[in-house]
Amino acid sequence: GDSVTQMEGPVTLSEEAFLTINCTYTATGYPSLFWYVQYPGEGLQLLLKATKADDKGSNKGFEATYRKETTSFHLEKGSVQVSDSAVYFCALSDQDGANSKLTFGKGITLSVRP
Amino acid sequence: GAVVSQHPSRVICKSGTSVKIECRSLDFQATTMFWYRQFPKKSLMLMATSNEGSKATYEQGVEKDKFLINHASLTLSTLTVTSAHPEDSSFYICSAGTSGSTGTDTQYFGPGTRLTVL
């Protein structure tokens, strides 16, 4: 079945540092890929998505590129802020739709210190 | 943006009792809602897909008689944990899908419900 693997955490960075969070997936067909973020005490929010190979999703300074050849969707940000401290989940869906179930990675906690 | 609420946010109950958790889409209609369970330091695990007006579809290994799901309207789905036991203690999260104004479909997640069974 489909699966998502994220790098082990937690990750602690200083403000303005460069961030990379690795995500690889296993799926049949051509899934859509997502990054969700969960801020402390809040529900998951969609951060960005990509629906086909070589697409780049971006939002709030975060970027991720759908790499079919390496089955990866790594999340990057050039300069993190304290407000980026949260749990980040990589996920996939076999369809690009609101009514399709998501398969999540384990999530990784990011802490950014001033 | 679209908002999904859950009630209650926290519940503590005695072993053997039943607990109902509500999931509401506040400003949009959701044909499909999903129920997830999140263990500490673990991923979200999909429990079931809830469709308005029809029976829920449960994932393999999820007991449908223990986790009753009712999707009574386009804005409300409920999860009832029947005869709860300590091993049912977990964080339960729902999500609902909608089509955005730009045509981009996405799912919106509720804030979750922390269930503790004593």
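From a predicted model like this one, the values you see are computed outputs, not experimental measurements.

What counts, and at which threshold
Residues numbered from 1 in each chain as written. Chains lettered and ligands numbered in written order. Predicted model: local features only at pLDDT ≥ 70, side-chain atom pairs only at ≥ 80, totals over all residues. Heavy atoms only, no water. Helix = DSSP H or I, 4+ residues; strand = E, 2+ residues; numbered from the N terminus. Rg over C-alpha atoms; globule rule 2.2 N^0.38 Å. Buried < 20%, exposed > 50% of the residue type's maximum accessible area, 1.4 Å probe, protein only. Contact = heavy atoms within 4.5 Å. Salt bridge = Lys/Arg side-chain N within 4 Å of Asp/Glu carboxyl O. Polar contact = N/O pair within 3.5 Å; in protein donor to acceptor, adjacent residues only side chain to side chain. Nonpolar A, V, L, I, M, F, W, Y, C, P; charged D, E, K, R; others polar. Pairing = 2+ DSSP bridges. Axes fitted to C-alpha atoms, helices over the stretch in contact; angles between N-to-C directions. Core = buried A, V, L, I, M, F, W, Y, C linked by side-chain atoms within 4.5 Å.

### Description of the overall build of chain A
Then comes step 1: A tally of regular secondary structure across chain A gives zero helices and twelve strands.
Then comes step 2: Reading chain A from its N terminus to its C terminus gives the helix and strand order β-β-β-β-β-β-β-β-β-β-β-β.
Then comes step 3: Relative to a compact globule of 114 residues, whose C-alpha radius of gyration would be 13 Å, chain A shows 13 Å and is just as compact.
Then comes step 4: Overall, the C-alpha framework of chain A stretches about 45 × 30 × 25 Å when taken along its three principal axes.
Then comes step 5: The 114 residues of chain A split such that 45% are buried.
Then comes step 6: The long-range fraction of contacts in chain A, counting pairs at least 24 apart against all pairs at least 6 apart in sequence, stands at 56%.

### Brief notes about the interface of chain A and chain B
Then comes step 1: In this assembly, 17 residues from chain A lie in contact with 20 residues from chain B.
Then comes step 2: Here Lys101 of chain A and Glu59 of chain B are joined by a salt bridge, their closest N and O atoms 3.0 Å apart.
Then comes step 3: For the pair chain A and chain B, the number of links is four residue pairs in polar contact (both at pLDDT 80 or more).
Then comes step 4: The set of elements that each furnish at least two residues to the side of chain A that touches chain B consists of strand S5 (32-38) and strand S6 (44-50) of chain A.
Then comes step 5: For the side of chain A that touches chain B, the element with the most residues is S6 of chain A, which contributes three residues.
Then comes step 6: Among the residues making up the side of chain A that touches chain B, the classes are represented as seven nonpolar, six polar and four charged.

### Considerations on the sheet that holds strand S7 (residues 56-59) of chain A
All names here are of chain A.
Then comes step 1: Spatial ordering of the open sheet is given by S3-S9-S8-S7, a layout of four strands whose pairing is antiparallel. Edge positions in the open sheet fall to strand S3 (19-21) and S7, since each of these has one partner strand only. For this sheet, the mean angle separating the axes of adjacent strands, direction not counted, is 15°.
Then comes step 2: Relative to strand S8 (residues 62-65), S7 runs antiparallel, the two being bridged by four bridges.

### Concerning the nonpolar core
Grouped burial of nonpolar side chains is what soluble globular proteins tend to show.
Then comes step 1: Trp35, Leu47, Leu48, Phe73, Leu75 and Tyr88 of chain A are the most contacted members of the largest nonpolar core, which has 27 residues in total.
Then comes step 2: At the level of secondary structure, the elements contributing two or more residues to this core comprise strand S2 (11-14), S3, strand S4 (23-26), S5, S6, S8, strand S10 (86-93) and strand S12 (108-113) of chain A.
Then comes step 3: With four residues, the top contributor of residues to this core is S10 of chain A.
Then comes step 4: Membership of the second largest hydrophobic core comes to 24 residues, among which are Ile21, Phe28, Trp35 and Ala84 of chain B.

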